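Now for the letters of each chain:
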Amino acid sequence: MSLSSDAGKAGRAITVVPLASLVWLAVTAVFLTLRAAVIWEVPVGGSEWVHLSGAWSASIGVDDERFVPTLFQAFTAVLLELDSSEALPRTLAFLATASLPLAVYLLREQIGTVAGLLALLLLAIDAPSLWLGVAATSSGFDVALTAWLLVFLVRPGLPWWPWPVLGFAVVTAGPVPLVLAFAAAFMAILRGSPLPPVPALVTASAALIGVLVASLGFGYGWQGILVPPIELFAQTYEADWTTGSAIHVAWLYSWPLLIAGAVAAVLELRRWREPPLEPDSVFTVRRLATAWFLAGLLSFLVGMSTNAAVTLAAATLPAAFIVAPWLGRAIDATFATRDGYAWLGLGIVLFLAALAMIVIVDWARFDRVGPGGEVARVVILGAATAAGLAALAYLPRSRAVLTVPAVFVAALVLVSGAFHVAFGSRMEPFPSPQSPVQAETLADLALEQLEATEDTLVVHESLRDRVTWPFRETTTLVIATTIPQDAGVAIVPAGESPPDGMVPLEGDWSLEHHIEQPAFELIRYVRWFTDRNRTDVDRVPVEVFVRGDE
Amino acid sequence: MAPLLAFWCAALLLAGFAFPIAQRLFRRFPDAGAGLAFPLGLMLCGYGYFVLRSVGILPQGQGGFLLAFALFGLVGLLVARTDPRFAGTARRSSAGIAASAGVFTAAFFGYATFRSYQSAIGGTEQPMDLLFLNAMLESPSYPPEDPWLAGSSVSYYYFGYLQSALLSGVSGTEASAGYNLGLAAVFASTATAAASVCAALARWVLGHGQHAVVAAGALGVALVLFAGSLIGVFEFTAAHERYSEPVYSAFGVESLLPCDQVDADDCYAGQTSPRTQSWYPDEYWYWWRASRIIPDTITEFPAFSFLLGDLHPHVMALPGVLLATALALALWRGQGPLGFHTLRRKPLLGLMLALVFGGLAFQNTWDVLTFSALLGVAVTARNARAGPFPGAALDAVRFLASAAIAAVVLYAPWWTTFASQAGGLYAYAGAGTQPNHAFLQFGALALAAALVIPWAIARSRSTGPLSALVYAPWLPLVPLLAWAVFAAVRGDWSDAVTERGAGGWATLAILAAFIWALTATALVLHQRRSPGAPMAALGAFGLLLLYGAELFFIRDVFFGSIPRLNTVFKLSYQAWVLLAVAGAVALVAAAAEGFRRQRSLVIAAAPVSLLVLLSFAYVIGAVPNRADGFAGDSNIDGLAQLARNNPDEYALTRWIANNTRPGETIIEATGRQWTAGEDGPQLQDGGVSYTDAGRVSSRTGRPTPIGWDAHQVQWRGDTEDNRAEFTRRQDAVDAIYLAEDPAEALAQIDAFDAEYVVLGSLERERYPEAHRIDFDAFLEPVFESGETRVYRVPVSDEVPTS
């Protein structure tokens, strides 16, 4: 593929720009643009809120168990000493993640140019990994590191020196590379090709140094023996980093990728016993990616009811790599389909589906299922659509055209999810819970109230974790269960009556917003999908009391 | 249903991971060790988790369990990939592997279904078991903290709880359901292990007759898990009012007769006609009596344990015990002498021996001595096949000592926190067991195991080397002489001789005769290189344990009252397993040989078979009795009944579990009963064991200053210091509820570094309202349900923000 200018006729040198390069650039631009937006647009929320709070505490010398000393978390603490906003750590994560297109580009030799491009495109529009790659969580380097780990694992003839670097990086990163490392170990054992003794020893030593450095908190204090990826992996099963469960987040943003990944994994497993058709390195990358996806999927499935979406990213990242080659083949096959009846059949099926969807969208608008006649119509149309799809799938010559509706639906879900997460509406259910802007306003107001007095700012113990970030750089807080006499401003859970000598500060105050997620129902999902601004925001209310008379 | 399936999947996966290791150890078994992969997987993965948590690498929670699980999967894969014979062995044994998975599945779901009709965790020592299970799941550090003694590590053999916790943790099951599913997994693992061992022995003894191998496996499962005391027959007849005073008296069960038909203090005083409303005895917990047949002892057996549903170490150790037996048998059967050189050549074997036998000590310390001795016999027997005895024994000692040292080192984190309460070996100076009671309890299994004698005779025209008959008597005689010496040295000689009545001596004589005969048979078979030797040896070993418990006891906290209670309990439990395995194979071997060649063997086997059949009467009646006729609600969650009957207490449990962090100390009632008095509260009843004391801690794993104090004495030793400390803690906790002013209460709360105070129905019942302090005045109420409250202890921290 190339574009050539016609300038040769005029006697000038011909400039040839390969089309593939242009496409690589375009996809990379999409990838970077979506991520760059996160830096400024997305509110602090989810695990980022937790880890920024931890990093802030570390940066001011306060012990805080939310500080899990990954390399990125340590950098975050240092950057917060320079500037107290989340922008710098996010920029650092963005810069690291910006190297991912290069990593995928280097992988094209193993997975093919088209598959590489498609993988990059899928990664670009995968909302969970998009957010994880830029947000200032402890796992800020995870997405980039995982991609580079994959490159080093599958590149033939690699020198030994990257291994210790990777060993150190993996044990000081978050949980996402751990899943790939596990899959790589699995494959190495399965293939009987372990790392030679010397690189293995050096890598193990580097990993031990990493554990030691992490245990020392990268200079922020002894944390006990700590392996950050293990610690963070375990925390994903206990933590409340998302308002909804991991399966709920997947239902909103990633189900097409997970389903496609599962289908691709089944296809890969079916040819597992066959002799390799491709060069060994290609063979390796496909199998490794399959093992990686299965490990990620398993950790996601086990933790799907937990409130953390990190395991979801651990499944969607490899999904992109195993779906891409099969997607490329499916698209090729679709273009090669010359059977007019197949296309006609597809057209009819899509028309029927569209008719059904029109009714469903109408129901969604009013948030209720319509009358019996409409239900019957939707059922009949749905059944006819399903029968049509089954018929197309049954006939080998028409099977490929099914790629069209599959890609259309998947693109709709993934692209809209990616754009909404990237451009950070405060109504988007991911990330949630969020630290509201109002919390920082409240911090300013509290400071204003206390300016002229020696009184203290008291925060109820149950709100301790929520104030660390928005109240940074204010004043020394008193965290208490009962309001002391010298309190100038007191922030307590809603429903508390004012202590003697204090009056409520007018306003609806909140330190935490939960963006409610649509329930697991088609109507609710369509309603949310067609109008995301209808999401309910659950503002966790607090009372603010200030010293003064009634 | 979801926890049930998740737990089952986790158990099957774990066994799959362990199978490559199991098949290297048990390649000669018909199932290539698949049936033993369940206990082996739990032991090895549990060990990995324990070590990685103890050094601080794995964190608390489901993620930690999952990582240990995944790492163990890699180890299993590595072993499979480095074993060139793995694929071939697995292919050859595919039927056995499938059978093991099937047996596990059937047993797991079958037992879980039974248990779901009686799933409540309460009564007996079940709160203690739930406590330990929760401690394994919730402890913020390892070795785990004792939730009934805040600030201290558990001092108990808790490996079984850790293994149950592993499956709960991996499958994401709550402890209250994990408790019952853990029991189901133990039951199912015992079934697969028993089937595996019995099938292997049967194949060695009988050759490759598929039907006999399957029959031995099935009968092994039945005898280990479903056989019971023969009192079950009398329970049936008595329930249906078939009385015969002479027969009942002859078997020493006159206590089942109605009081108006027998002249005895201990008699049946319940409803007489009809005595049961059903086809089975419906008297409440009638099956309990089978575990108390021999006075002042406990004669528990597996069927009873699984009916009762206590998740006790000796129950959870059953699969491990069978695994250890299988290892001993596999080594016995193997070729070539075993010495120190073997461990250098086969390090995996040494490592597995250390992990399994060290794990056995960690799981139920009583078992390690017995089964190490069995291992010693097996190794010595194997070495003696290859060379002269002194050298063979020396090699065996080197081999076993190396493995023992490795076992101690590998489990060092546990040994350092464990305080054994064994206070030395004593000669027993009591009446001993009456022969009729011994027959009721062990007759069926012992006679089944003894069938190896006629089988061995029938297989040979000659009686074998007479030297065996000369050596064998020493086995019963040496312990008897040792008993006499011990009794004389301790000054109990006179009592020891006079106290034991004719019945006691008769039991000893009968046991000695059987041991002599079985040992002689084992020696003869060994000298003939017959694979039947281990079968006879297992029977002899089982009877030797019963014999030993008639002569000696290990001193423990019951020394002053019922001294041999634990010794009889634990040794007879081990004997049951050994006799069941030996009996199952011997019965099948005798029957097979009888039908094939020697009709006289059928005559010997027939009455024994009848006795074995009668031994199942116990389970047949007890199962519907325990499950209340399967008429009630079915729920695998052990706290479902609490949720139904006491929703406030249940809500309290859930709130504490969901809103407090592991390691945060909770103040709750000590369980001591106080009454109002004019001069202040009066202590009315200080007994707290087997009550609801420490119930929040037990149900959530959150530490409390003191739980069942008498059990702490059992675990940590009956010393003045210990008793003083436990009483001090009880006084301090009671002082919190009965304090006269908040400062006094807060001082005690601070001393325990406690975060929450519970005021529930138990606290209201145990501390009189007139003297109870008003927590509302100085603590923050954070939970309320009915009259149940939880208070947060005041906090005031200064936190800089820049």
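Analysis parameters
Residues numbered from 1 in each chain as written. Chains lettered and ligands numbered in written order. Predicted model: local features only at pLDDT ≥ 70, side-chain atom pairs only at ≥ 80, totals over all residues. Helix = DSSP H or I, 4+ residues; strand = E, 2+ residues; numbered from the N terminus. Rg over C-alpha atoms; globule rule 2.2 N^0.38 Å. Buried ≥ 20, exposed ≤ 12 C-beta atoms within 10 Å, placed from the backbone. Contact = placed C-beta atoms within 7 Å. Nonpolar A, V, L, I, M, F, W, Y, C, P; charged D, E, K, R; others polar. Pairing = 2+ DSSP bridges. Domains from an automatic or database assignment. Axes fitted to C-alpha atoms, helices over the stretch in contact; angles between N-to-C directions. Left-handed = near helix turned anticlockwise from the far one by under 90°. Expected span 1.5 Å × (residues − 1).

Student: I'm lost on the overall build of chain B in this one. Help?
Tutor: What chain B contains, in helices and strands, is 36 helices and nine strands. In terms of overall dimensions, chain B is globule-like: its C-alpha atoms have a radius of gyration of 27 Å, near the 28 Å expected for 802 residues. Across the 802 residues of chain B, 56% fall into the buried class. Of the contacts made within chain B by residues no fewer than 6 positions apart, 77% connect residues no fewer than 24 positions apart.

Student: Looking at this structure, I do not really get the overall build of chain A. What am I missing?
Tutor: Looking only at helices and strands, one finds 23 helices and eight strands in chain A. For chain A, whose C-alpha radius of gyration is 27 Å, the value lies close to the compact-globule estimate of 24 Å for 550 residues. Dimensions along the principal axes, computed over C-alpha positions, put chain A at roughly 85 × 75 × 60 Å. Residues counted as buried form 46% of the 550 residues belonging to chain A. A separation threshold of at least 6 residues defines the contact pool for chain A, and within that pool the share at least 24 residues apart is 78%.

Student: Any chance you could explain the interface of chain A and chain B here in plain terms?
Tutor: You'll often see interface size given as the accessible area lost when the parts meet. Tallying the contact residues gives 34 residues for chain A and 28 residues for chain B. Of all the secondary-structure elements, those providing two or more residues to the side of chain A that touches chain B are helix H11 (176-191), helix H13 (228-235) and strand S4 (477-480) of chain A. Tallied by class, residues from the side of chain A that touches chain B come to 20 nonpolar, nine polar and five charged. Where S4(A) and strand S9 (residues 796-799) of chain B come together, four bridges link them in antiparallel fashion. By the bridge assignment for S9(B), Ile479(A) is matched with Asp797(B).

Student: Teacher, can you tell me more about the domain arrangement of chain B here?
Tutor: Residues and elements named next belong to chain B. Here the domain parsing of chain B yields domain 1 (2-227 + 314-415), domain 2 (231-302), domain 3 (423-628) and domain 4 (642-792). For domain 2 and domain 3, the distance between their C-alpha centroids amounts to 25 Å. Listed per partner, the contact involves 23 residues of domain 2 and 22 residues of domain 3. The element contributing the most residues to the side of domain 2 that touches domain 3 is helix H10 (residues 231-239), with five residues.

Student: Mind showing me how you'd approach H10(B) here?
Tutor: An α-helical turn contains 3.6 residues, so a residue and the one three or four places further along point in the same direction. Residue and element names in this part refer to chain B. Within H10, seven of the nine residues are buried, leaving the element largely enclosed by the surrounding structure. Those residues of H10 lying buried are Ile231, Gly232, Val233, Phe234, Glu235, Ala238 and Ala239. One or two residues past the end of H10 sits glutamate 241, with phi positive at roughly 60°.

Student: Would you take a moment to explain the packing of helix H14 (residues 318-333) of chain B against helix H16 (residues 347-363) of chain B for this structure?
Tutor: Geometrically, a packed helix pair is captured by the angle between its two axes and the distance between the axes. All names here are of chain B. For the pair H14 and H16, the least separation of the axes is 10 Å and the interaxial angle reads 145°. Considering the relative orientation of H14 and H16, their crossing is left-handed. On the side of H14, the interface is formed by Gly320, Leu323, Ala324 and Leu327, while H16 contributes Leu353, Val356, Phe357, Gly359, Leu360 and Gln363. Looking at the contact of H14 with H16 residue by residue, the class counts come to seven nonpolar, three polar and no charged.

Student: How should the environment of Gly504(B) be read in this particular structure?
Tutor: All names here are of chain B. Mapped onto the secondary structure, glycine 504 falls in helix H25 (residues 502-527). In this structure, the C-alpha to C-alpha distance between glycine 504 and threonine 433, residues 71 residues apart in sequence, is 5.3 Å. Sequence-distant contacts of glycine 504, that is, excluding residues within four places in its chain, are made with Ala431, Gly432 and Thr433.

Student: Would you explain the environment of Ala356(A) in this entry?
Tutor: Residues and elements named next belong to chain A. With respect to the helices and strands, the residue alanine 356 is situated in helix H17 (residues 340-366). A C-alpha to C-alpha distance of 9.7 Å links alanine 356 and valine 375, two positions 19 residues apart in sequence. If we skip the residues at most four places from it in the chain, alanine 356 touches Val378, Leu381, Gly382 and Thr385.

Student: Just to check I follow, could you spell out the sheet that holds strand S8 (residues 788-792) of chain B for this structure?
Tutor: Across a sheet, paired strands are connected by hydrogen bonds in the backbone, their directions being either parallel or antiparallel. All names here are of chain B. Reading across from one edge, S3-S6-S8-S7 is the order of the four strands in this open sheet, with mixed pairing throughout. The outermost strands of the open sheet, each flanked by one partner alone, are strand S3 (665-667) and strand S7 (780-785). This sheet shows a mean twist of 25° between the axes of neighbouring strands, independent of strand direction.

Student: Could you clarify how one ought to interpret the pairing of strand S5 (residues 682-685) of chain B in this entry?
Tutor: Side-chain direction in a regular strand flips from residue to residue, so the side chains alternate between the two faces of the sheet. Relative to S5(B), strand S4 (residues 673-675) of chain B runs antiparallel, the two sharing three bridges. When the sheet's bridge partners are listed, Thr675(B) is paired in S5(B) with Gln682(B).

Student: In this structure, what is going on with H25(B)? I would like to understand it.
Tutor: Here H25(B) spans 37 Å end to end across 26 residues, near enough to the 38 Å set by a 1.5 Å rise per residue. A positive phi of about 55° marks Arg529(B), the residue just after H25(B).

Student: Can you help me understand the domain arrangement of chain A in this one?
Tutor: Residues and elements named next belong to chain A. The domain architecture assigned to chain A consists of domain 1 (32-319), domain 2 (332-422) and domain 3 (437-547). Relative placement of domain 1 and domain 2: their C-alpha centres are 34 Å apart. At the interface, 14 residues of domain 1 touch nine residues of domain 2. For the side of domain 1 that touches domain 2, the elements supplying multiple residues, two or more each, are helix H1 (19-41), helix H8 (127-132) and helix H14 (246-270). Here the side of domain 1 that touches domain 2 gets five residues from one element, more than from any other, and that element is H14. In the side of domain 1 that touches domain 2, the residues fall into 12 nonpolar, no polar and two charged.

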